[in-house]
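# Architecture at a glance
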Amino acid sequence: MRLVLGFAALVALGAAASLAGSEYGLRLLNLAVIAAVSVVGLNFAFGYAGLITLGQSAFAGLGAYSLAILTTRLGWSPWLAAPVGIALTALAAAAVGLPLLRLKGHYLALATLGLNVSVGIVAANWIEVTGGTNGIAGIPALTLFGRPLTGERAFLWFGLSVLAVLSLGASLLHRSRYGRAMMAVRDDETAALMTGLDVTGIKVAAFTLSGAYAAVAGCLFALHVQFISPDDFGYAHSITSLSMLIVGGEGSITGAILGAVLLTFLPEWLRFLGQGYLAFFGLMMLAILIFLPRGLMGLVETWQIRRRGTAEARPATRAARPAVRS
Amino acid sequence: MADFLQLLTNGLALGSVYALAAIGFVIVYSATGVVNFAAGQFVMLGTFAGVATLNDAGWPLPVGYAGALVAMGLFGLLFYAAVYLPLRHSPVVTIIIGTVAIGITLQNAALLTFGSWPFRLVSPFEGMMVEVGGAQIPVHAIAVVLGTAGLIGLLWLLLNRTFLGMAMRAVAQDLRAARLMGLRVGALLAFTWVLAAILAGVAGLMLGPMWFADVNMGDPIALKAFAATIIGGFGSLPGAIAGGIFVGLTEVLGASYLSSAYKDLIAFGAMILFLLVRPQGIFGERIQDRA
């Protein structure tokens, strides 16, 4: 019940913002919601299963390009093209994950990064299919009840609903045996194996789910901007997704959403600094990592504990894992 | 044949630069366990330290090179104190994101200082060519290959024949044991960062006259250095050299014989293939499962 209330609050909050915000603010909010969908997905792979992946935006790109090609070349309805794109991406994630997920730690990070770079090179050069660096323009808008979702405000409602439904799904999974199995694999792979868990299967499932969420985000992006190019899905965006999750607080859906919103808006808030705003942005991110090792959710938890005056703290997700060196 | 010789030299020169960048990345990883995603920005800073001393201040070449490398050494020390020390107990992913964040800062700071126009760094061998088997080969490329080989030799002597180098290797093998043996671990780790920054600085100074230097050059170099490290073997110095040369050669030869659009796909494809088939790379990582 608290869950449903939580996500109702999320929609209400966004809706309130949609009535008040400026057109530009709404555009950013839409981008934040789209990023949040992808980061909530990344939370399966990294937050729960502990897989450091830097390939999230490659899967977003796969979903977006599938949708763009099916709608502009074959004239499909986006409602039909999106599920096909998401399914194709999930298949690709599973196929890639099966061999790749034997790698651990920074090896997996670099392998997925290499994959993302490779996908970017193909997208920029396979001109007959992807349009090369010119990208694909003229992606049709989504129509809902006969009305096209073209304005920022209309799209925000739709994006928020998608985010709420997907977050609800994620949080149901978090509480299920499958969520617990993923976390068991993250905390101690050997112990998880000893209790009879199918470690490889669980990892691939988490990675596939994470890729599918990324594809949803990619489809949303394509339908929102109605134009995509390889730059929208470069490896830098994958690093940003992981940063959002870390800054928000890994292993937490609320944290994933908070991180996505904060890192989307923070550069804009810093624009008053003039040209040097990105330099300051980097320093602020470093400061968050140093002073809030468990992200924004760490802050929230400290606040909750202080308010209750009890010591029933949730076990720290990060402390449970070995640091780089002791 | 003449074309091939020319491409071979250029590929070796580019590979030498990647090898130096990869060595800087590897010695930091071996000693501290840090996967430094800002490694490419280190090379970019090296190039722009040269731009500052040679192009802007107009110092004579030897003084300018020395000044740029001293600046890089100080930068390594600063990085140790401001980024490594606060993050040293963090999980690997936090360190990755932290070094990315500081990389963004470095890149933007360079953009503010130098602007977005590309620079051309002068070479001591500006415009000089030698003819080998009918091919015109720039002396700068030959100097880069020989210089890198010399530097690697010096590094080998440092690590294997001096007390300082052996102490560094002891820290890399077992930090706690090294501390118990009375080694000044903090100072040794700081020196490792300084050394990595200086090597990146040399790579940047060598690269400056080969490419047009612009402030966005860091990321592509970092990606190539990562690929070199994986292909050669994570944590292995000979591996970083072999991997760097491999990546440089495939880039130059692949661009002219296969496809200039897909030239980078060869290096990253090889990297992923190595990860799948032989994750320890050509030379293998001595200390297993550090992650």
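Residues numbered from 1 in each chain as written. Chains lettered and ligands numbered in written order. Predicted model: local features only at pLDDT ≥ 70, side-chain atom pairs only at ≥ 80, totals over all residues. Heavy atoms only, no water.

## Remarks on the overall build of chain A
Within chain A, the secondary structure is distributed over 14 helices and 4 strands. Relative to the globule expectation of 20 Å for 326 residues, the C-alpha radius of gyration of chain A, 20 Å, shows essentially globular dimensions. Each principal axis of the C-alpha atoms in chain A carries an extent, and together these give about 55 × 45 × 45 Å. In chain A, which comprises 326 residues, the share counted as buried stands at 55%. Long-range contacts, defined as pairs at least 24 residues apart, comprise 76% of the intrachain contacts of chain A with a sequence gap of at least 6. (Helix = DSSP H or I, 4+ residues; strand = E, 2+ residues; numbered from the N terminus. Rg over C-alpha atoms; globule rule 2.2 N^0.38 Å. Buried < 20%, exposed > 50% of the residue type's maximum accessible area, 1.4 Å probe, protein only. Contact = heavy atoms within 4.5 Å.)

## Points about the confidence of the model for chain A
When pLDDT is averaged along chain A, the result is 88, and 91% of the positions lie at 70 or above. Confidence drops under pLDDT 50 across residues 313-326 of chain A; counting only partners more than four residues distant or on other chains, this segment forms 32 contacts. (pLDDT = per-residue confidence, 0-100.)

## A word on the nonpolar core
In this structure, Leu113(A), Ile228(A), Leu242(A), Phe37(B) and Phe48(B) are the most contacted members of the largest nonpolar core, which totals 201 residues. Filtering out sequence-adjacent residues up to four positions away, Phe37(B) remains in contact with Leu54(A), Leu110(A), Leu113(A), Ile96(B), Thr99(B), Val100(B) and Phe226(B). (Core = buried A, V, L, I, M, F, W, Y, C linked by side-chain atoms within 4.5 Å.)

## So, the pairing of strand β1 (residues 129-132) of chain B
Residues and elements named next belong to chain B. Here β1 pairs with strand β2 (residues 135-138) via 4 bridges, running antiparallel. Each residue of the ladder has a partner; that of methionine 129, found in β2, is proline 138. Once β1 ends, the chain turns through 2 residues before running back antiparallel as β2, passing glycine 133 with a positive phi of about 55°. (Pairing = 2+ DSSP bridges.)

## Considering the confidence of the model for chain B
Averaged over every residue, the pLDDT of chain B is 90; residues scoring 70 or more account for 98%. The model gives residues 287-291 of chain B a pLDDT under 50, and that stretch makes 12 contacts with residues more than four places away or in other chains.

## Digging into the interface of chain B and chain A
Contact residues are listed per partner, giving 49 residues for chain B and 45 residues for chain A. Interface of chain B and chain A: buried area, both sides summed, is about 4100 Å²; carbon and sulfur atoms make up 75% of it. Our enumeration of links across chain B and chain A arrives at 0 salt bridges. Applying the counting rule to chain B against chain A returns 7 residue pairs in polar contact (both at pLDDT 80 or more). (Buried area = accessible area lost by both parts, 1.4 Å probe. Salt bridge = Lys/Arg side-chain N within 4 Å of Asp/Glu carboxyl O. Polar contact = N/O pair within 3.5 Å; in protein donor to acceptor, adjacent residues only side chain to side chain.)

## Here's the deal with the pattern of salt bridges
Under the definition given, this model contains 9 salt bridges over all chains. Arg27(A) is the partner of Glu152(A) in a salt bridge, and the nearest nitrogen-oxygen pair spans 3.1 Å. Separated by 125 residues along the polypeptide, Glu152(A) in helix α7 (residues 152-175) and Arg27(A) in helix α2 (residues 23-48) bring together distant segments of the chain. Note on Glu152(A): relative accessible area 11%, which makes it buried. The salt bridge partner of Asp264(B) is Lys224(B), with a shortest N-O separation of 3.2 Å. Residue Asp264(B) is found in helix α11 (residues 263-277), and its partner Lys224(B) is found in helix α9 (residues 218-232); the two are separated by 40 residues along the sequence. Summarising the burial analysis for this pair, Asp264(B) and Lys224(B) share the class buried. In the salt-bridge network here, residues are joined through shared partners; they are Lys224(B), Glu251(B), Lys263(B) and Asp264(B).

## Describing the packing of aromatic side chains
Enumeration according to the criterion identifies 23 aromatic pairs over all chains in this entry. Between Trp79(A) and Phe158(A), the ring centres sit 6.0 Å apart and the planes meet at 85°, which makes this aromatic pair edge-to-face. Taken together, the residues span a long stretch of sequence, with Trp79(A) in helix α4 (residues 78-100) and Phe158(A) in helix α7 at a distance of 79 residues. In this structure Trp79(A) comes out as partly exposed when scored by relative accessible area, which is 41%. A centroid spacing of 6.2 Å and a plane angle of 85° characterise the contact between Phe114(B) and Phe119(B), whose relative ring orientation is edge-to-face. Accessibility classification places Phe114(B) together with Phe119(B) in one group, the buried group. Taken together, the ring pairs in this structure connect Tyr107(A), Phe25(B), Tyr29(B), Phe37(B), Phe226(B) and Phe234(B) into an aromatic cluster. (Phe/Tyr/Trp six-rings, centres within 6.5 Å; stacked < 30°, edge-to-face > 60°.)

## Some remarks on the packing of helix α5 (residues 139-161) of chain B against helix α6 (residues 163-173) of chain B
Residue and element names in this part refer to chain B. Packing of α5 against α6 brings their axes to within 5 Å, and their N-to-C directions diverge by 75°. With respect to each other, α5 and α6 are oriented roughly perpendicular. Contacts between α5 and α6 involve Leu158, Leu159, Asn160 and Arg161 on the former and, on the latter, Phe163, Leu164, Gly165, Met166, Met168 and Arg169. (Axes fitted to C-alpha atoms, helices over the stretch in contact; angles between N-to-C directions. Parallel < 35°, antiparallel > 145°, perpendicular 65-115°, else oblique.)

## Here we look at the side chain of Thr148(B)
Residues and elements named next belong to chain B. Relative to the assigned elements, threonine 148 resides in helix α5. In terms of polar contacts, threonine 148 uses its side chain to reach the backbone carbonyl oxygen of valine 144, at 2.7 Å. Residues in contact with threonine 148, not counting those within four places in the same chain, are Ser16, Leu20 and Met206.

## A look at α2(A)
All names here are of chain A. If you check α2, its first and last C-alpha atoms are 36 Å apart, about what 26 residues at 1.5 Å a residue would give, namely 38 Å. Taken as a whole, α2 carries its principal kink of about 40° at leucine 42. Burial within α2 is extensive, with 21 of its 26 residues counted as buried. Just downstream of α2 lies glycine 50, where phi reads positive at about 75°. (Expected span 1.5 Å × (residues − 1). Bend = angle between axes of the 7 residues up to and from the residue.)

## As for the side chain of Ser236(B)
You can see Ser236(B) is positioned in the loop between α9 and α10 (237-257). Apart from the residues within four sequence positions on either side, Ser236(B) is in contact with Val26(B), Phe283(B) and Gly284(B).

## Quick notes on α5(B)
Residue and element names in this part refer to chain B. An ideal rise of 1.5 Å per residue puts 33 Å on 23 residues; α5 measures up with 32 Å between its terminal C-alpha atoms. Restricting attention to buried positions, one finds in α5 the residues Val139, His140, Ala141, Val144, Thr148, Leu155, Leu158 and Leu159. Along its buried surface, α5 packs onto α1 (2-32), β1, β2, α6, α8 (185-207) and α10.

## Focus: the packing of α2(A) against α7(A)
Axis angle and axis distance: for two packed helices, these are the angle between their axes and the distance between the axes, and together they describe the pair. All names here are of chain A. In the contact formed by α2 and α7, the axes pass within 10 Å of each other and the chain directions differ by 15°. Taken together, α2 and α7 sit at an angle that is classed as roughly parallel. Seen along the crossing, α2 lies across α7 with a hand that is left-handed. Along its contact with α2, which presents Glu23, Leu26, Arg27, Leu29, Asn30, Val33, Ile34, Ala36, Val37, Val40, Phe44 and Tyr48, the element α7 presents Glu152, Arg153, Phe155, Leu156, Gly159, Leu160, Leu163, Leu166, Ser167, Ala170, Leu173 and His174. The residue makeup of the contact of α2 with α7, split by class, is 16 nonpolar, 4 polar and 4 charged. (Left-handed = near helix turned anticlockwise from the far one by under 90°. Nonpolar A, V, L, I, M, F, W, Y, C, P; charged D, E, K, R; others polar.)

## Focus on a nonpolar patch on the surface
All names here are of chain A. Taken together, the side chains of Phe272, Leu273, Phe280 and Leu283 define a hydrophobic patch exposed on the protein surface, amounting to about 410 Å² of accessible area. With respect to the helices and strands, leucine 283 occurs in helix α13 (residues 277-291). Residue leucine 283 is classed as partly exposed on the basis of its relative accessible area, which comes to 44%. (Patch = residues over 30% accessible without salt bridge, like charges linked within 9 Å, V, L, I, M, F, W, Y side chains within 5 Å. Areas by Shrake-Rupley, 256 points an atom, 1.4 Å probe, with all protein chains shown as cover.)

## Comments concerning unusual backbone geometry
Residues and elements named next belong to chain A. Positioned with a positive phi, glutamine 226 is a non-glycine residue whose angle comes to about 65°. Here glutamine 226 is to be found in the loop between α10 (199-225) and β4 (227-228). For glutamine 226, a relative accessible area of 28% gives the class partly exposed.

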